[in-house]
2 protein chains.
Amino acid sequence: MKLIVDCFGGDKSPAANVEGAVLALKEHDDLSLILTGDETIIKNELDRLGYTGSKLEIVHAPEVITGEDKPTDAIRLKKESSMIKAIAMLRKDPEISGVISTGATGALIAAATLRIGRIRGIRRPAFCPLLPTMDGGIVGICDSGANVDITPEMLLHQAILGSAYLKNVYGVKNPRVALLNVGVESEKGDDLRKKAYPMLGACDSINFVGNMESRDLLSGKYDLVVCDGFSGNVLVKTTEGTALELLKKLKKDIYSKTIYKIGALLMKKMFMEEKEFMNYHNYGGSVLLGCEKTIVKGHGSSDANAVRICIDQAYKMSAGAMNAEIEKALEELKG
Amino acid sequence: MKLIVDCFGGDKSPAANVEGAVLALKEHDDLSLILTGDETIIKNELDRLGYTGSKLEIVHAPEVITGEDKPTDAIRLKKESSMIKAIAMLRKDPEISGVISTGATGALIAAATLRIGRIRGIRRPAFCPLLPTMDGGIVGICDSGANVDITPEMLLHQAILGSAYLKNVYGVKNPRVALLNVGVESEKGDDLRKKAYPMLGACDSINFVGNMESRDLLSGKYDLVVCDGFSGNVLVKTTEGTALELLKKLKKDIYSKTIYKIGALLMKKMFMEEKEFMNYHNYGGSVLLGCEKTIVKGHGSSDANAVRICIDQAYKMSAGAMNAEIEKALEELKG
């Protein structure tokens, strides 16, 4: 298995990306990685880590894409960037299975959509990040921002994509798929949701369980939530934002009184566990589903461990029969 | 000032509604209230509370609207319900300024839209609930679910409605208005947001500060967030749901070990304050803006104190110059 790690563009790049790559190689014996980016800087990082193995190859790419670059310009004008070079190699080389990047989201979507083929029948690839549920499980959200203008058919495709992902990469048996809506009753929502609901209900390849109100996202009652990219983006960022703000508030309040500090000291282990539980880096990147090859977008703030998890996701996505299952489900839709 | 309290339809109705009404009367000397619902039951509640004043009038309405009633059917077929009777009286009697209800949302929107006149120029009334921010302030969300299919002009109107509300009822000087979007850059979002952004920027009656990502909702950097009712609903319910789920998890984890229980005991006062801070009942109901008269929709789970706060909101909305300010802003839009 050969994957590419785009080593630039994240907040902690390239150190986190290079170290994440080295960590991932220890986990998978049959994995080899290509690192794209400034060769000298990457070599320095590898020296710093004391890496002496032979499963890492560096491909020099001196440019970096930033959030300021317009996505289509980035593809056209920054061909020597670590991201675009990675995507170009993924496109050309049949032996390379996927790309992991912590760089600019817009550019990555554009490059993947324009340069990497889509699964036949899929109009637009969709993001599917994961969040932890309160019963110790996970829930996928598809789409979380790749497609803000959307059709009912695309929602159905997202249900198929996300279900196949959860089955093949996380071993979820029969993923319970819900439609994000303003109420649970079947007739709720805007035109888009009203049209999508019966289409989801009629699809045999997925296990549609009905509408979900956003307050139940973390309840553990659902494995996958399908939504347009706009409200999916709101759903994911509100959850992350609320959890972070509350943790910050707790911390501030604890420091306001000595007795609270003493109490918190006794609960230190628990608070550390809560923090880890809410750390979205632990749940991997936002995979881009619907492409012929694997694309994993890590958080911009990814540390080495987060990059390692993204590489592991890409490994499992590429190794499994995920895309074959998606193609089969799309075929059945036609019949 | 005369207001109507619909005493049925909430989870804790009629006890919470009747007690809330009695509490509200103690706060405002010039307030009198009409209670709609089953007369015998309401009288029993008043006896239980030992109320002997003269500022409460009961109007008998034996029927109750539930979540199962289709909104348009509710209006047509349940004319003797506590909610529809309240709206009918509000429509007819020029001395009555507003209605407070904890009943079914859909029926209330339909009744208000069809029976109560709108401010000239407003196509559809919009909900504006409030959430607490981490710096001790509040943030309004307009719309949170009344209008799921929407136009850029409606977003602009919601900015005007919400700004006037925050100014007149909460004394916010120059409310900072943000557009909910998937990124802060001006060109972000779907067609709706791309069209609305310059319209908001060009409007002199509001203080538009740009796009807001949902993760910053509680940051205290914004006073009002405008959004379509679908994503606004997701925004509010995700915030409430995440906060509740995290509190539940904390509680469960505390009970898992004796040392945590001891620590929590030392922090008891702090945890109680956190719980109160996150209790959305403390921030009042979701007011319906854009109608000629005042409509306040309390949470279905409202207790007596929450109902009291809703009545206080209705009092302040009706007493102020809010609607006059909205009309002026709409006039200026035309010019």
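Residues numbered from 1 in each chain as written. Chains lettered and ligands numbered in written order. Predicted model: local features only at pLDDT ≥ 70, side-chain atom pairs only at ≥ 80, totals over all residues. Heavy atoms only, no water.

S.K.: Describe a positive patch on the surface, naming the residues involved and giving the relevant values.
M.R.: Together, Lys79(A), Arg91(A), Lys92(A) and Arg115(A) make up a region of like positive charge exposed at the surface. Along the chain, Lys79(A) falls in the loop between helix H3 (71-77) and helix H4 (82-92). (Patch = residues over 30% accessible without salt bridge, like charges linked within 9 Å, V, L, I, M, F, W, Y side chains within 5 Å. Areas by Shrake-Rupley, 256 points an atom, 1.4 Å probe, with all protein chains shown as cover. Salt bridge = Lys/Arg side-chain N within 4 Å of Asp/Glu carboxyl O. Lys, Arg positive; Asp, Glu negative; His and termini not counted. Charge placed at Lys NZ, Arg CZ, Asp CG, Glu CD. Helix = DSSP H or I, 4+ residues; strand = E, 2+ residues; numbered from the N terminus.)

S.K.: Describe the interface of chain A and chain B, naming the residues involved and giving the relevant values.
M.R.: Listed by partner, the interface residues are 49 residues for chain A and 49 residues for chain B. The junction of chain A with chain B conceals about 4600 Å² of combined surface from both sides, 68% of it contributed by carbon and sulfur atoms. Considering only the side of chain A, the residues that lose the most area to chain B are Arg215(A), Phe230(A) and Lys237(A), jointly responsible for 15% of the buried surface there. There are six salt bridges connecting chain A and chain B. Among the ionic pairs, Arg215(A) bridges to Glu240(B), the shortest N-O distance being 3.3 Å. (Contact = heavy atoms within 4.5 Å. Buried area = accessible area lost by both parts, 1.4 Å probe.)

S.K.: How would you sum up the relation of the copies chain A and chain B? Please name residues and give values.
M.R.: Its rotation angle being 180°, the transformation that places chain A on chain B also includes 0.0 Å of axial translation and leaves an RMSD of 0.0 Å. Put plainly, the chains are arranged around a two-fold axis. The rotation axis passes nearest to the C-alpha of Gly263(A) in chain A, at a distance of 2.0 Å. The residues that chain A uses at the interface reappear at the interface of chain B in 100% of cases, marking a shared surface. (Least-squares fit on C-alpha atoms with pLDDT ≥ 70 in both.)

S.K.: Got a sec to walk through the sheet that holds strand S12 (residues 294-297) of chain A? Specific residues and values, please.
M.R.: Residues and elements named next belong to chain A. As summarised here, the arrangement of the seven strands in space is S3-S2-S1-S4-S12-S11-S5, forming an open sheet in which the pairing is mixed. Lying at the two open borders of the sheet, with one neighbouring strand each, are strand S3 (56-60) and strand S5 (126-128). Going across the sheet, the axis of each strand differs from the next one's by a mean of 25°, ignoring polarity. Where strand S2 (residues 32-37) and S3 come together, five bridges link them in parallel fashion. Counterpart to Ile 34 in the pairing with S3 is Glu 57. In the packing of helix H1 (residues 15-27) onto the sheet, contacts are made with strand S1 (2-6), S2 and S3, and the angle to S2 comes to roughly 175°. (Pairing = 2+ DSSP bridges. Axes fitted to C-alpha atoms, helices over the stretch in contact; angles between N-to-C directions.)

S.K.: Go over the side chain of Asp312(B), please, and point to the residues and values.
M.R.: Tracing the chain through its elements places Asp312(B) in helix H11 (residues 304-319). The class for Asp312(B) is buried, based on a relative accessible area of 15%. (Buried < 20%, exposed > 50% of the residue type's maximum accessible area, 1.4 Å probe, protein only.)

S.K.: Describe a nonpolar patch on the surface, listing the residues and the values that go with them.
M.R.: Taken together, the side chains of Leu266(A), Ile259(B) and Ile262(B) define a hydrophobic patch exposed on the protein surface, amounting to about 230 Å² of accessible area. Note on placement: Ile262(B) falls in helix H9 (residues 258-266). A relative accessible area of 45% means that Ile262(B) is categorised as partly exposed.

S.K.: Could you give an account of the domain arrangement of chain A, with specific residues and numbers?
M.R.: Residues and elements named next belong to chain A. Domains assigned within chain A are domain 1 (1-122 + 290-321) and domain 2 (126-285). Between domain 1 and domain 2, the C-alpha centre-to-centre distance is 26 Å. Opposite the 19 residues of domain 1 that make contact, domain 2 presents 15 residues. Across the domain 1 to domain 2 interface the summed buried area is about 1400 Å²; carbon plus sulfur atoms make up 64%. Scanning the region where domain 1 abuts domain 2 turns up zero salt bridges. At the boundary of domain 1 with domain 2, the tally comes to four residue pairs in polar contact (both at pLDDT 80 or more). Sorting the residues of the side of domain 1 that touches domain 2 by element identifies helix H5 (105-115), S12 and helix H11 (304-319) as the ones contributing at least two each. (Domains from an automatic or database assignment. Polar contact = N/O pair within 3.5 Å; in protein donor to acceptor, adjacent residues only side chain to side chain.)

S.K.: Any details on the environment of Ile58(A)? Residues and values, ideally.
M.R.: Residue and element names in this part refer to chain A. Relative to the helices and strands, Ile 58 resides in strand S3. Note: C-alpha distance between Ile 58 and Cys 291 (233 residues apart in sequence) is 25 Å. Leave out the neighbours within four places in its chain, and Ile 58 touches Leu 35, Glu 39, Ile 42, Lys 43 and Leu 46.

S.K.: Explain the pattern of salt bridges residue by residue, including any values.
M.R.: On inspection of all chains with the given rule, the structure shows 38 salt bridges over all chains. Lys316(A) is paired through a salt bridge with Asp312(A); the nearest N and O atoms lie 2.9 Å apart. Taken together, the residues span about one helical turn, with Lys316(A) and Asp312(A) both in helix H11 at a distance of four residues. Looking at Lys316(A), the relative accessible area reads 35%, which means it is partly exposed. Among the ionic pairs, Asp253(B) bridges to Lys249(B), the shortest N-O distance being 2.8 Å. Of this pair, Asp253(B) and Lys249(B) both sit in helix H8 (residues 229-254), four residues apart, roughly one helical turn. By relative accessible area, Asp253(B) is classed as buried at 17%. Owing to a relative accessible area of 17%, Lys249(B) belongs among the buried residues under this scheme.

S.K.: I'd like to hear about helix H8 (residues 229-254) of chain A, residue by residue, with values.
M.R.: Given a rise of 1.5 Å per residue, 26 residues ought to cover 38 Å, and the 37 Å separating the end C-alpha atoms of H8(A) matches this to within 8%. The N-capping residue of H8(A), defined by a side-chain oxygen 3.1 Å from the backbone nitrogen of Phe230(A), is Asp228(A). (Expected span 1.5 Å × (residues − 1).)

S.K.: I'd love a proper account of the sheet that holds strand S7 (residues 138-142) of chain A, names of residues and values included.
M.R.: Residue and element names in this part refer to chain A. Spatial ordering of the open sheet is given by S6-S7-S10-S8-S9, a layout of five strands whose pairing is mixed. A strand with exactly one partner marks an edge of an open sheet, and here the two such strands are strand S6 (130-132) and strand S9 (207-212). Taken over all neighbouring pairs, the strand axes of this sheet differ in orientation by 30° on average, direction set aside. The pairing of strand S8 (residues 176-180) with strand S10 (residues 224-226) spans three bridges and is parallel. Its bridge partner being in S10, Ala 178 is matched across the sheet by Val 225. Docked against the sheet, helix H6 (residues 152-170) engages S6, S7, S8 and S10, running at close to 160° with respect to S10.

S.K.: Run through the nonpolar core, naming residues and quoting values.
M.R.: Judged by nonpolar contacts, the single largest core of 178 residues is most densely connected at Phe271(A), Ile311(A), Phe271(B) and Ile311(B). Sequence-distant contacts of Ile311(A), that is, excluding residues within four places in its chain, are made with Leu3(A), Val5(A), Gly20(A), Ala21(A), Ala24(A), Leu31(A), Leu33(A) and Ile100(A). (Core = buried A, V, L, I, M, F, W, Y, C linked by side-chain atoms within 4.5 Å.)

S.K.: Requested: an account of the packing of aromatic side chains, with residues and values cited.
M.R.: Under the defined criterion, the tally for this structure stands at four aromatic pairs over all chains. Relative to Tyr170(B), the ring of Tyr165(B) lies with its centre 5.6 Å away and its plane at 85°, an arrangement referred to as edge-to-face. Judged by relative accessible area, Tyr165(B) falls into the buried class, the value being 0%. Look at Tyr197(B) and Phe208(B): their rings are 5.2 Å apart centre to centre, the planes differ by 80°, and that puts the pair in the edge-to-face class. Taken together, the residues Tyr197(B) in helix H7 (residues 191-202) and Phe208(B) in strand S9 (residues 207-212) connect sequence positions eleven residues apart. The ring of Phe230(B) has Arg193(A) sitting right over it, with the charged end atom 3.6 Å from the ring centre. One cation-aromatic arrangement involves Lys249(B) over Phe277(A); the distance from NZ or CZ to the ring centre is 4.5 Å. (Phe/Tyr/Trp six-rings, centres within 6.5 Å; stacked < 30°, edge-to-face > 60°. Lys NZ or Arg CZ within 6 Å of the ring centre and 35° of its normal.)

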